[in-house]
Amino acid sequence: MDEVTYRVKGMHCASCAAIIRKKLLAVTGIGNVEVNQATEQAKISFSDRPLSDKELNDIVTKYGYELVRENNGTDTAAAKAETINVVSVDGLFADKEEQLERQRKLVMRSMPAAIVVFLLMMWDIASTVFRTLPLMPLSMEIFNGITMILASIFIFRIGTQFLDGIGRFFRYGTANMDTLIGIGTFSAFTYSSLVTIFPSLREQLALPSHTYFDVTIVVIGFVHLGKYLKVRSRLKTGEAIGRLASLQAKSALLIRKGEEIEIPADKVRKGNLLLVKPGAKIPVDGIITKGNSSIDESMVTGEPFPVDRKEGDSVMAGTINKQGSFTFTAMKVGKETMLARIIAMVEEAQSSKAPIQNIADRIAAVFVPAVLAIAAVTLIVWLTVGSSILGFQTAISYAIMGFVGILIIACPCALGLATPTAIITGIGKGAENGILIRNAESLERLSRVNTIVLDKTGTITKGAPTLSDTIPLDNGITAEALLQYAAGVERYSEHPLAEAIVRAAKTTGLELPEMTGFVATEGFGVKARKGDILVTVRKPDMQEVLRPTLNAMLNQGKTIVIVEIDKKAAGMIVLSDTLKEGVKESIAALKNKGMRIIMMTGDNPASASHIASLAGIDEVIAGVLPIEKAAKIHALQNEGKIVAMAGDGINDAPALAQADVGIAMATGTDIAMESAGITLLKGDIRKIPQAVALSRTTMRIIRQNLFWAFIYNIIGIPLATGALYPVFGIVLNPVFSGIAMAGSSVSVVSNSLRLKTIKLR
């Protein structure tokens, strides 16, 4: 069964995804359709002859969507099998940038007027309730005239997409959030225009003179603001995959008949013999056949120290060769490489996330026809039953008031404000405290998290080698002299451990001696002379490693170098990765919030357990590869756990994306930050419990807001139908519908602003 992936333009809610899937599945020859709102992609499987792009677009364009075929840059089936299947990043980003700019312009055109009108509307309502307040500075006639002009512009220029939503609803029976906004605002505008333009008709039918132009303006303005924020967050979502793809080497040095031939990296095939020079990226996964080197694998493993690799060892695509040249045989290329699998896992994990907006969209899909049906039934009942009892003139007045009142009170102003106001306030509060929250989904999920998985290096620890001990082995040398000798030699080396030793010597105020005859031996160490004295800084040999003292330190994750003076071991320099400040307090705070804390690392079990015990963490998962990290997260989720993952390296990207919430350290890689929903400035782990507190408080306020937003509809719609008439002889006037809707808006905004006063603990 052939499968083609398309980028979908014009999709912005779960209703859109459902419409596309439903309409395509109804077509003969299409076997299956998977539409993902988060990635804006549709995967279409054909059971028969594949339909052309034009045939597919003929189906969906009338509903407001467009399908654009993804291009992975390959032609042949063999090439496709060996090429990373990454979304067309440039095209996708260009589309989203275009959407963002379009929404930005709509916000700039609508929000200033919407804010002014909203404030005047609140002033008018408040002045009728509190007699001590002065009346609105504009007369109602002038206010209606101004707002009628503005509302006309909003409806027919700024809000055309909502009118299109109404048109598609009546023409094709499809409804989304645009339909809901369109019907509510257009009904309010139409009623207001009639009573304003035809005052005699209003008097004849005994209709109230109150208008709802202000409601039309405010709703359209705030809806455009929400759409802008959503597009902006989507633009950020896709950057992780693009950045991961950029780690791939652009070219490779192929060894053919003893000659070096530079070829594009995507042309490398299994079994090719490749040469890697110092400073070059390794293009594919393979096994070293000749030579040895020190390789920076931090972008894949996350561990801070370069790893020594020799003949027979494996190397990974995207890692960087630091020292020495070597040749290796390509074993895994294209989709099979570790980097490609990380890219695929990040994309898949991101695609599986269900945005919080989907809930509102699903409700909207039912809410719109339900409200229309209720309004239509109300109109019919008043005109038939009401006319026979009250007479036509009275009944038609009540019928119009009931019909308009239902649509006005159901207008989603409060529903539209309930989440954005709390989210905007909560995100602002987080930013003030160094907690950067990407979107509402991450904030919502964090509030429900009960398990937090922490990476070790760069999250719990500082992620950089620092001097922890200088141990003389010869009574004739002091610790200061030992460090001075070692730093004198290492000043000429570019190895990260050398940088740590030199930095430690300079920090303690030691003067670095001038050395001559510097020699670096791959896989062994460095040496130089200070006058007639030969100083060597090297790795411990096998006999030294077996000594209990050294072995114990190595098992704690420490790195040891031996300093020799004239070929005699004079001492040891011990380097280690240390805990970040506040780690123990943060772990304790999270446990107090009922969290299960797990440390997960690619480091060896002994080293991991040592760090975990220092941090106060009881559960440790050690020795895991990047793909295994994501699998461990998935296993916890299968146990019913809601998992947050905190990390800082590229190796953490799949796990960050797989987790319900990814938390990245700002001191780490861009890939980790783009894969995560939350970023902590300065990599401060103490902000994790603060982020949890913020998310829980924000979601509590959102639930309160949604309650108030819905309660007005639950109570107001029945009242607007005339439910009070048989008992009290009254029908809810649209004026009160407007006041009720405005009151709901005021309540949710005021409730959201309480977030500014909370203290994060």
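Residues numbered from 1 in each chain as written. Predicted model: local features only at pLDDT ≥ 70, side-chain atom pairs only at ≥ 80, totals over all residues. Heavy atoms only, no water.

I keep staring at the environment of Ile 220 and nothing clicks. Help me out?
Tracing the sequence through the fold places Ile 220 in helix H9 (residues 213–237). A relative accessible area of 1% places Ile 220 in the buried class. (Helix = DSSP H or I, 4+ residues; strand = E, 2+ residues; numbered from the N terminus. Buried < 20%, exposed > 50% of the residue type's maximum accessible area, 1.4 Å probe, protein only.)

What's the story with the environment of Pro 283 in this structure? I'm lost.
When you line up the elements, Pro 283 lands in the loop between strand S7 (273–276) and strand S8 (285–291). Placed 34 residues apart in sequence, Pro 283 and Ala 317 show a C-alpha to C-alpha distance of 4.9 Å. In this structure, Pro 283 is in contact with Ala 249, Ser 251, Ala 252, Ala 265, Leu 274, Ala 317 and Phe 328, ignoring residues within four places of it in sequence. (Contact = heavy atoms within 4.5 Å.)

When you look at the pattern of salt bridges in this model, what are you seeing that I'm missing?
A side chain of one charge can pair with a side chain of the opposite charge when the charged atoms of the two come close. Taken as a whole, this structure holds 16 salt bridges when the rule is applied. Asp 58 serves as the salt-bridge partner of Lys 54, at 3.2 Å between the closest nitrogen and oxygen. Placement of both Lys 54 and Asp 58 in helix H2 (residues 53–60) is noted, with a separation of four residues, approximately one turn of the helix. Looking at Asp 58, the relative accessible area reads 46%, which means it is partly exposed. Put simply, Lys 270 and Glu 336 hold a salt bridge, and the shortest N to O gap is 3.0 Å. Placement of Lys 270 in the loop between strand S6 (259–264) and S7 and of Glu 336 in the loop between strand S13 (326–332) and helix H12 (338–351) is noted, with a sequence separation of 66 residues between them. Relative accessible area serves as the criterion here: at 32%, Glu 336 is assigned to the partly exposed category. Shared partners join several salt bridges into a network, and the residues in it are Asp 455, Lys 629 and Asp 652. (Salt bridge = Lys/Arg side-chain N within 4 Å of Asp/Glu carboxyl O.)

Explain the sheet that holds S7 here, please?
Two modes of strand pairing occur in sheets, parallel and antiparallel, and in both the strands are linked by backbone hydrogen bonds. Reading across from one edge, S6-S5-S7-S13-S8-S11 is the order of the six strands in this open sheet, with antiparallel pairing throughout. The open sheet has two free edges, formed respectively by S6 and strand S11 (314–315), since each of these has just one partner strand. By the bridge criterion, six bridges tie S8 to S13 in an arrangement that is antiparallel. Note on S13: the bridge partner recorded for Ile 288 is Phe 328. (Pairing = 2+ DSSP bridges.)

Can you help me understand the sheet that holds strand S24 (residues 643–647) in this one?
One open sheet accounts for seven strands, arranged S14-S26-S25-S24-S15-S22-S23; its pairing is mixed. Unpaired on one side and paired on the other, strand S14 (435–437) and strand S23 (619–621) mark the two borders of the sheet. Averaged over all adjacent pairs, the angle separating strand axes in this sheet is 20 degrees, with direction ignored. Helix H16 (residues 440–448) rests against S14, S24, strand S25 (661–665) and strand S26 (678–680) of the sheet, and its axis sits at about 105 degrees to S25. (Axes fitted to C-alpha atoms, helices over the stretch in contact; angles between N-to-C directions.)

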